[in-house]
Amino acid sequence: MAHLRVAGFDVHKSYLDLAAQKSLLDVVRGLVTKAPLMALTTPGGKKMSVRMTAAGRYGWITDQQGYRYDPMHPNGTPWPEIPEDILRIWNELTGYDREPDCCLINFYGEGARMGLHQDKDEKSFDWPVVSVSLGDEGLFRMGGVARGGKTQSIWVQSGDVVVMDGAARLAHHGVDRIRFGSSTLLPKGGRINLTLRVVS
Ligand code: SIN
Ligand code: FE2
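Quick look at the structure, then. Here the structure is a predicted model, which means the values were calculated and not measured. (Residues numbered from 1 in each chain as written. Chains lettered and ligands numbered in written order. Predicted model: local features only at pLDDT ≥ 70, side-chain atom pairs only at ≥ 80, totals over all residues. Heavy atoms only, no water.)

**Focus on the coordination of the iron ion (ligand 2)**
Here is step 1 of the chain: Distances from the iron ion (ligand 2) to its protein donors, namely His117 (NE2), Asp119 (OD) and His173 (NE2), fall within the range 2.1 to 2.3 Å.
Here is step 2 of the chain: Considering all four donor atoms around the iron ion (ligand 2), the spread of angles at the metal, 90 to 174°, places the coordination shape in the irregular class.
Here is step 3 of the chain: Each donor residue of the iron ion (ligand 2) belongs to the same chain, and together they define the spacing H-x1-D-x53-H. Note that His117 is positioned in strand β6 (residues 114-117) and His173 in strand β11 (residues 173-178), a separation of 56 residues in sequence. (Donors = N, O, S within 2.8 Å, 3.2 Å for Na, K, Ca; no water. Tetrahedral: all angles 85-135°; square planar, octahedral: opposite > 155°, others 65-115°. Helix = DSSP H or I, 4+ residues; strand = E, 2+ residues; numbered from the N terminus.)

Structure follows, in structure tokens:
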């Protein structure tokens, strides 16, 4: 399927060319050095298969206490700032003068997946969610705002940028699986997803 037919959902295929993907990967590596990736635990006590960290005023975390945004990495240091190269993507695609205050960094190793969920820990849903894919392709599934409705799936590739705005802002979405090793961007394989959000 070329495109998901959900109002407010947009996939900008190959938004970043290979050179831009490589330089963005270097930027992400710099962030991960400052704020190491973590295997977080859901409130129900399950370890997530996707490893996470963040940049910005807030990072999204989860543990036995629940899902939330926190101004600190669990190691006690503030998250690094969101680099200009990442903010530029948001600015170009949304045209809003409000910048995101969280850049969630998701790393999918072999076998990692993310179950269907809504992004709803933010104070307001008036701002879009912008999501950048790097590395291995992932099977992105999208449903409606209500739980349990019909879903559609598309493969998102390195350099693609997904925008969820309007009616799609609170749509259920997830990543069923990745095709490990399908991209050569990350020498050891895997998929990186950057999710930009306005939190407060
Ligand atoms: C997410 O919803 O947090 C991640 C989506 C993705 O990896 O494409
Ligand atoms: Fe999400």
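**So, helix α1 (residues 18-34)**
Here is step 1 of the chain: Helix length check: α1 (17 residues) gives 25 Å between terminal C-alpha atoms against 24 Å at 1.5 Å per residue, within 8%.
Here is step 2 of the chain: All buried positions along α1 are accounted for by Gln21, Leu24, Leu25, Val27, Val28 and Leu31. Viewed end-on, α1 has its buried residues packed into an arc of 165°, placing them on one side of the element. Across from the buried face of α1, at angles greater than 90 degrees, the exposed residues are Ala19 and Thr33. (Expected span 1.5 Å × (residues − 1). Buried < 20%, exposed > 50% of the residue type's maximum accessible area, 1.4 Å probe, protein only. Arc of directions from axis to C-beta.)

**Here we look at the packing of α1 against helix α2 (residues 84-94)**
Here is step 1 of the chain: Taken N-terminus to C-terminus, the directions of α1 and α2 make an angle of 120°; their axes are 9 Å apart at the nearest point. Taken together, α1 and α2 sit at an angle that is classed as oblique. On the side of α1, the interface is formed by Leu24, Val27 and Leu31, while α2 contributes Asp85, Ile86 and Ile89.
Here is step 2 of the chain: Partitioning the contact of α1 with α2 into residue classes produces five nonpolar, no polar and one charged. (Axes fitted to C-alpha atoms, helices over the stretch in contact; angles between N-to-C directions. Parallel < 35°, antiparallel > 145°, perpendicular 65-115°, else oblique. Contact = heavy atoms within 4.5 Å. Nonpolar A, V, L, I, M, F, W, Y, C, P; charged D, E, K, R; others polar.)

**Concerning the side chain of Asn193**
Here is step 1 of the chain: Looking at the element boundaries, Asn193 is found in strand β12 (residues 191-197).
Here is step 2 of the chain: Polar contacts involving the side chain of Asn193 include one to the side chain of Ser131, which spans 2.8 Å.
Here is step 3 of the chain: For Asn193, the side chain forms a polar contact with the main-chain oxygen of Val132, separated by 3.3 Å.
Here is step 4 of the chain: Among all residues touching Asn193, those that are not within four sequence positions of it are Leu104, Ile105, Asn106, Tyr108, Ser131, Val132 and Ser133. (Polar contact = N/O pair within 3.5 Å; in protein donor to acceptor, adjacent residues only side chain to side chain.)

**A few points about the layout of surface pockets**
Here is step 1 of the chain: Of the pockets and cavities examined, the largest pocket occupies roughly 900 Å³.
Here is step 2 of the chain: Elements with a minimum of two residues in the lining of the largest pocket: β4 (66-70), β5 (102-108), β6, β7 (129-135), β11 and β12.
Here is step 3 of the chain: For the lining of the largest pocket, the class distribution of residues is 15 nonpolar, 16 polar and 10 charged.
Here is step 4 of the chain: Considering only enclosed or pocket space, the second largest pocket measures out at about 250 Å³ in volume.
Here is step 5 of the chain: Taken together, 14 residues make up the lining of the second largest pocket; nearest its centre are Arg29, Leu37, Phe107, Leu186 and Ile192.
Here is step 6 of the chain: When residues of the lining of the second largest pocket are traced back to their parent elements, those giving at least two are α1 and β5. (1 Å grid on protein atoms, 1.4 Å probe; cavity = no way out; pocket = protein on both sides within 12 Å on 5 of 7 lines; lining within 4 Å. Points joined across faces, edges and corners; volume = space filled by probe spheres on them.)

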